Every structure is written in C-alpha cells, then in structure tokens.
Amino acid sequence: MNNWLHRALDYVSQWLEFQMRQSEMPGCVIAVVHKQEVVLERAFGHADALRHDRLTPRHRVRVASHSKSFTAAAIMRLREQGGLRLDDPVGRYVKGLHPAIARATISHLLSHSAGIVRDGNDSGQWQDRRPFLDADELKAALAAAPVIEANSRFKYSNHGFGLAGLVIEAVTGEPYAAWIGRELLAPAGLDETTPDMPAARGAPMAVGHSAKLPLGRRVVVPADNRTNALAPATGFTSTARDLARFFAQLDPGAKRSVVSVASRREMIRRQWRDPHSSLDRHYGLGIMSGKTGDWEWFGHGGAFQGFISRTVVVPDHAIAASIVTNAIDGLANQWSDGVMQILQAFARHGTPSAGVRSWTGRWWTLWGAADLVPMGDKVMVASPALMNPFMDASELAISGRDRGRIGLANGFGSHGESVRRVRGRGGKVGELWLGGTRLLPEHRMVAEIGKRYAGPP
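Described below are features of the structure shown in this document.

What counts and what doesn't
Residues numbered from 1 in each chain as written. Predicted model: local features only at pLDDT ≥ 70, side-chain atom pairs only at ≥ 80, totals over all residues. Heavy atoms only, no water. Helix = DSSP H or I, 4+ residues; strand = E, 2+ residues; numbered from the N terminus. Rg over C-alpha atoms; globule rule 2.2 N^0.38 Å. Buried < 20%, exposed > 50% of the residue type's maximum accessible area, 1.4 Å probe, protein only. Contact = heavy atoms within 4.5 Å. Areas by Shrake-Rupley, 256 points an atom, 1.4 Å probe, with all protein chains shown as cover. Lys, Arg positive; Asp, Glu negative; His and termini not counted. Charge placed at Lys NZ, Arg CZ, Asp CG, Glu CD. Axes fitted to C-alpha atoms, helices over the stretch in contact; angles between N-to-C directions. Parallel < 35°, antiparallel > 145°, perpendicular 65-115°, else oblique. Left-handed = near helix turned anticlockwise from the far one by under 90°. Pairing = 2+ DSSP bridges. Polar contact = N/O pair within 3.5 Å; in protein donor to acceptor, adjacent residues only side chain to side chain. Salt bridge = Lys/Arg side-chain N within 4 Å of Asp/Glu carboxyl O.

Remarks on the overall build of the protein chain
Per the secondary structure count, the protein chain includes 12 helices and 21 strands. The globule rule puts the C-alpha radius of gyration for 457 residues at 23 Å, and the 25 Å found for the protein chain is close to it. Projecting the C-alpha coordinates of the protein chain onto the three principal axes gives extents of approximately 80 × 45 × 40 Å. Taking all 457 residues of the protein chain together, the buried fraction comes to 54%. Taking all contacts inside the protein chain whose residues are at least 6 apart in sequence as the whole, residues at least 24 apart take part in 62%. When the accessible area of the protein chain is evaluated, it comes to approximately 20,000 Å², of which 50% is carbon and sulfur surface. Averaging the locations of the 56 positively and 43 negatively charged side chains of the protein chain gives two centres separated by 5 Å.

What follows is the structure, given as structure tokens:
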C-alpha cells in the first residue's frame, strides 16, 4: 500500500469519527479496497440506537439501488455466455408488456432510458404503506404505456430494473435470487451479500432509523421486508466490505472479476447525463459516474427506508470505497465525497517529511475543532466539521521543533503570522498558538467552556 494512502486512511477514520459525533447519526461502516485488497474496515455507532447495540463491520444493511449494479453485471455475464444481446427487445423474453415497452431494449433498461415509470402509480412501498410488487403486479404495471418515449433521456426506473430481473429469469429458467447467488455472488466471493431479505442465516442485521423530524426523535425502521419482484432494483443486503470488493472487480484494470474487461468498460461507459442536476452525474449500464475534485469515479448509491449507502471506485488509483449508514438521513453521499477529497489531498502532497511529522493532533477553541495534518513538507490545518475538511485549509511552514508560521491562508485568515507549540511538564505539547489564537486539547476546552458558561456541574 502506498505510504500516502496509509496515512490518508488513518485520517479518514479520525474524520469520520468526528462526523459521527457531530451529526449524531446512529451508525456507519466504511470499507476501502486498494488493488482488490481490503485496507480499511471500520464501524462507528450502533446497529440499533435505541437498544444501544454496537454496530460491527459484519452487520448486514439494506444497500438498495446498489442492487442495480449486481443486476447489470448479471446481464453482462449472460451476454458473455451467449444467452442474450444488449440490443434485444425485452418483449422477446417477457410477455404481456405494453407494445412500446416490449420494443425497448435490454440496454435501455440498464441505462434507465426505456421511459418506464419510476415506481408505479402507487409507490407506497417506499413509505412502508404497502408491500413491494410481486411478479404479477409488476407485469400488470408494465402493461401500461411508458411515461416518455424510449431513448429520449435518462429517466430512473425501479420498475425497469425489476423487468431486467424478469429477463434474467426467462433466459436462465431459474428464480432471480437462485441464479444470481450461484452465478454472480459466489464467483465474486461475496459471502455477506444476499439478493433480498432475509439475510444469510445467523448473520447480524442492522436496523434502520428514521430522521429526528417530524417526530422529534429517531425511531427504528425495521427494513426487514422483502422486495419481491423489485429485488433486482433494490432488494440486496450486504456489507461495506462486500460492496467495496464487488465494485473493485468492476474496474477495467482489476486482475480478478466476474465479468470480462470489455463488459466492465461497457458498464462504466457514460451513456446519459442526468439532465436536471447540479452534480454533473452520468449513468452507464447499472453504474453511476462523476467527478469529485480532480478524480473521476464510478459506482452507485442506495436509499432504502432507514438506510443510505454509497460506493465509489477511482480507477486511476485502483481504490474502491463504500460507506453504509443506517438512518434515512444518513450522510453516506456527503461522506463519500469527503473521503475522496481527503485521499486527493494526501495523494497531492505525499507523506510527511521528518521535520513536520510530529505536528499532529486535534485542537479546540470555543469555535470548534482543528486538526493538524502533516503532508509533504507542510502541515495542513483541517476542519473536521466540514464535509471537505481540507477546503481552503491553511498551511503551516515549520521552522523549528515548536516554531513556524502560517505560510498560506485565505484573505480572512492569519496569513503570515507565527505558529508555536507550548509544552508543559514532561515535555508534552499542551497548547497550540495559530497567530493570536490559543488552541487546547479537548478535555481542557471542555473544562474552560464549562467553567465560563455552564457554572458548577
């Protein structure tokens, strides 16, 4: 593992721990894979916040629309085996569809360009007001006309991926879950992943949680319901580790994979841009893609009642990272972008030199926390409360054991001013001065704030 990556992952853990404290999210697990090897796996918080059950990396969670990437990979395997072609009309395999839907191709389904309704005329399954559709109910919904003309724009559709699952069943002559478990999950080595509930026998399952509003407190959202014919779109249960490992295999540069290099390239190839979004996201075949900072990525996200998750792969660095959360307002998407920003900062500046290596730690003022993070020949002043902790970060130029200056800061900061560390008895650093601001360790800041504002305990 690259030296900079090792240090970056150390800070990723520190930053996520702070984010969990600040956001008061129930639970979060992160897994990072580098060159197909797991290099970070850590859980924070609770599997059940009301019962205070600790969350572990082995807890399964609902990973929702990550399911689409599994389904797309399964279709590509069938294509490689000669079972179907991407330009086949879906009506060749599934009967009873509206004629316009029957003419749509398998590629249209996988790229969300078939024009099919997103979740039907009653999407109460997403509010726990009704069960997810079974196969007959899904086919009945697909007997209606598409919403817009096929191949006219990107239009996300869970019903469309449910139909892709019916195609897989028609081609293989087997139930979707049975075939995909044997032909995709097992060869990929994913022993913590199932296509729908229930999870594997004996496997620990995290519960979901609501947001604090409008009730004023979080409640448990069991999220143990089956998704039936919509499993190919949203039913999967998994772990951050299995997600990171699977998506790492979809990197065209990966040495081991369940699908060919050509299939992987076709899956991640950008086919449609999200036409009404400020995020500049694109979609391929069961795969999202975009850019965070300077890094191009592909992957997918997932949202199930009580769970938010996201997985990204950065092919240029052979890194895959997955974050799963068990709250309906979970910050997996924002934290995923933050992780990429942290990794980019370390990749850009490199490992710290001997002269700055000791300038570390989390320091506090009344205004919050600041992290000293050495990189290269400088020390970055990160803000762990931010979703990108290195955004506009000041840079310290170190000139002695406990001396330096603020070598770079924004115009509203303390650019050019002095930096010093103050040591107490035994030589331990007990204070940090950035310009005229005195920063303290957390326990001392707690005592100061409590004494000044809170009065006696």
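Notes on the packing of helix α5 (residues 135-142) against helix α6 (residues 158-172)
In contact at an axis separation of 11 Å, α5 and α6 are set at 120° when each is read in the N-to-C sense. It follows from the interaxial angle that α5 and α6 lie oblique. The two elements α5 and α6 cross, and the hand of that crossing is left-handed. Listed contacts from α6 to Ala135, Leu138, Lys139, Ala141 and Leu142 of α5 are His159, Gly162, Leu163 and Leu166.

Points about the sheet that holds strand β8 (residues 272-273)
Spatially, 9 strands are ordered β3-β2-β1-β13-β12-β11-β10-β9-β8 in an open sheet, and the strand pairing comes out antiparallel. Here the strands that pair on one side only, and so sit at the sheet edges, are β3 (53-54) and β8. With 5 bridges joining them, strand β10 (residues 288-292) and strand β11 (residues 295-304) adopt antiparallel strand pairing. For Lys291, the partnering residue across the bridge sits in β11 and is Glu296.

Here we look at the sheet that holds strand β17 (residues 394-398)
The 8 strands are arranged β14-β15-β16-β17-β18-β19-β20-β21 in an open sheet whose pairing can be described as antiparallel. What marks the edges here is a single partner per strand, and that holds for β14 (361-365) and β21 (437-439). Ignoring strand direction, the axes of neighbouring strands in this sheet form an average angle of 30°. Here strand β19 (residues 418-423) pairs with strand β20 (residues 429-434) via 5 bridges, running antiparallel. By the bridge assignment for β20, Arg420 is matched with Trp433. Its contacts with the sheet put helix α1 (residues 3-23) on β14, β15 (368-375) and β16 (378-382), and the angle it makes with β14 is roughly 30°.

Remarks on the side chain of Thr193
Mapped onto the elements, Thr193 comes out in the loop between α7 (176-185) and β5 (208-209). Of the polar contacts made by the side chain of Thr193, one reaches the side chain of Ser238; its length is 2.8 Å. Within the structure, the side chain of Thr193 is placed 2.7 Å from the side chain of Asp242, a separation counted as a polar contact. Thr193 has contacts with Phe70, Leu185, Phe236, Thr237, Ser238 and Asp242, leaving out every residue within four places of it along the chain.

A short note on the pattern of salt bridges
Inspection of the entire model under this criterion finds 29 salt bridges. Across the salt bridge formed by Arg62 and Asp196, the nearest N and O atoms sit 3.4 Å from each other. In this pair, Arg62 is assigned in strand β4 (residues 61-62) and Asp196 in the loop between α7 and β5, connecting sequence segments 134 residues apart. Residues Arg438 and Glu431 are paired through a salt bridge, measuring 3.0 Å at the closest nitrogen-oxygen approach. You can call Glu431 buried: its relative accessible area is 15%. Several salt bridges share partner residues, and in doing so they unite Glu41, Arg58, Glu192 and Arg241 into one network.

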